[in-house]
Amino acid sequence: MDVHPPPPFPTVGITGKPGDPAITGLVERLLPMLEARGCTALLDEQSMPETGDHHLQRVPREALLDACDLIIAIGGDGTLIHIARAVAGRRDVALMGINRGRLGFLVDIAPEHLDEVAQILDGQHVVDERLILRAEIRSNQDDALLREDVAINEVVLHRWNTARMIELVTQIDGEPLSDHRSDGLIIATPTGSTAYAMAGGGPIAHPNLHAMVLVPVCPHTLSNRPLVVDGDSRIEIDVHPRFIEHVRVSCDSQRDLTLQEDSRLVVRAHPSPIRLVHPPGYSYFNLLRAKLGWGGPLCNIEPFGA
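Let me begin by describing the structure that accompanies this report. The model shown is predicted, which means the values in this text are computed figures rather than measured ones.

Let us now look at the overall build of the protein. Summing up its helical and strand segments, the protein has six helices and 19 strands in all. Relative to the globule expectation of 19 Å for 306 residues, the C-alpha radius of gyration of the protein, 22 Å, shows essentially globular dimensions. A principal-axis box enclosing the C-alpha atoms of the protein has dimensions of 70 × 60 × 35 Å. Residue burial in the protein is summarised as follows: out of 306 residues, 48% are buried. At a minimum sequence separation of 6, the contacts of the protein that also span at least 24 residues come to 69%. When the accessible surface of the protein is summed, it comes to about 15,100 Å², and 51% of that surface belongs to carbon and sulfur atoms. Looking at charge distribution, the protein has the averaged site of its 27 positive side-chain charges lying 5 Å from that of its 41 negative ones.

If you want it as structure tokens, here you go:
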């Protein structure tokens, strides 16, 4: 009697972008793959449409997060970021994305290449751990934690409800860095370095780096340039009191935190990275070439000295 090894991901959850009509068809293609490998499939009732198959297990989001070894997100990068934010710090669950969005830096499997999903389910995959951030609003009086959230891409302190610039004071590990006037400050992970931070003129950081990228938003001083710091750094930002009511702290553009009088923003690495899985042969540099259009006719020229 043949004894089959247990699947690498015994319980697999499927979530997606609410309202996307193509999700049902993709789920119908995924389910036979999961069943053939002995995987239990759970559908996120918060985002998955009703189907006529009453044997499918549609479960609340919390139950999905607690039970799954792998979660497949169908949508764009925002869909995967949304579920990654919910997973952060809970348990060691892997994440994989099927691209139904635009660029797709995180959701790197195309709907027409679901054979790559089969390879991942068979244990042929690249594991990619990514640093994420913890944003904390702390009291200046006693350092008490007032509010907190996580960020996969970036934490942004930005002006709000005003056309005027805001004044910020930034410290790294207790050491003064800068006093400046600007529209805000982006603190990005290497994953987020290809998002808002890149649009703001910041560098692209390889996602395996343990680092954070600071990018000022429209600074009034030309010498105020982007800065890369160690991932173990503690970044603290104080806002001038007269601007405190005109700033917001945004985490991945999915949740806002408010500062109050005599409080500051503290950003540091979250103790638990997220874990992404990619198909065999995954290359971040190939991803950059494809998504940013770095390939072209010159790529067919023989290397110098050949």
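Three- or four-residue spacings in an α-helix give side chains the same orientation, since the helix completes a turn every 3.6 residues. Counting buried positions over the 11 residues of helix H3 (residues 77–87) gives eight, a clear majority of the element. Turning to H3, its buried residues number three or more, namely Asp-77, Thr-79, Leu-80, Ile-81, Ile-83, Ala-84, Arg-85 and Val-87. Of the residues flanking the end of H3, it is Gly-89, one or two places downstream, whose phi is positive at about 80°.

Glancing now at the nonpolar core. Counting residues in each nonpolar core, the largest one holds 28 residues, and the members touching the most others are Val-155, Leu-157, Ile-187, Ile-235 and Leu-265. Listing elements by their share of this core, those giving two or more residues are strand S7 (133–139), strand S9 (154–159), strand S10 (166–172), strand S12 (184–188), strand S13 (211–217), strand S15 (235–239), strand S16 (247–251) and strand S18 (263–269). Beyond its immediate stretch of four places on either side in the chain, Ile-235 contacts Thr-170, Gln-171, Ile-172, Ile-187, Met-212, Leu-214, Val-229, Leu-265, Val-266 and Val-267. Listed in part, the 27 residues of the second largest apolar core include Ile-23, Leu-30, Leu-114 and Leu-121.

So, about the sheet that holds strand S5 (residues 94–99). Within a sheet, adjacent strands bond to each other through the backbone by hydrogen bonds, running parallel or antiparallel. Strands sit in the order S3-S2-S1-S4-S5-S19-S6 across an open sheet of seven strands; the sheet is mixed. A strand with exactly one partner marks an edge of an open sheet, and here the two such strands are strand S3 (57–59) and strand S6 (126–130). Mean inter-strand twist for the sheet, computed between neighbouring axes without regard to direction, equals 30°. Its contacts with the sheet place helix H1 (residues 23–36) against strand S1 (11–16), strand S2 (40–44), strand S4 (70–75) and S5, and it is angled at close to 170° to S1.

Right, let's get into the pattern of salt bridges. Applying the stated criterion to the full structure yields 21 salt bridges. Arg-85 serves as the salt-bridge partner of Asp-149, at 2.8 Å between the closest nitrogen and oxygen. Of this pair, Asp-149 sits in strand S8 (residues 145–151) while Arg-85 sits in helix H3; the two residues are 64 residues apart in sequence, bridging distant segments of the chain. Each member of the pair Asp-149 and Arg-85 is classed as buried. Of the charged contacts in the structure, one is a salt bridge between Arg-255 and Asp-149, with a shortest N-O distance of 3.7 Å. Here Arg-255, found in strand S17 (residues 255–257), pairs with Asp-149, found in strand S8; they are 106 residues apart in sequence, far enough to count as distant. Sharing partners across several salt bridges, the network here consists of Arg-134, Glu-136, Arg-138, Asp-143, Arg-234, Glu-236, Arg-264 and Arg-268.

Cut-offs used in this document
Residues numbered from 1 in each chain as written. Predicted model: local features only at pLDDT ≥ 70, side-chain atom pairs only at ≥ 80, totals over all residues. Heavy atoms only, no water. Helix = DSSP H or I, 4+ residues; strand = E, 2+ residues; numbered from the N terminus. Rg over C-alpha atoms; globule rule 2.2 N^0.38 Å. Buried < 20%, exposed > 50% of the residue type's maximum accessible area, 1.4 Å probe, protein only. Contact = heavy atoms within 4.5 Å. Areas by Shrake-Rupley, 256 points an atom, 1.4 Å probe, with all protein chains shown as cover. Lys, Arg positive; Asp, Glu negative; His and termini not counted. Charge placed at Lys NZ, Arg CZ, Asp CG, Glu CD. Core = buried A, V, L, I, M, F, W, Y, C linked by side-chain atoms within 4.5 Å. Pairing = 2+ DSSP bridges. Axes fitted to C-alpha atoms, helices over the stretch in contact; angles between N-to-C directions. Salt bridge = Lys/Arg side-chain N within 4 Å of Asp/Glu carboxyl O.

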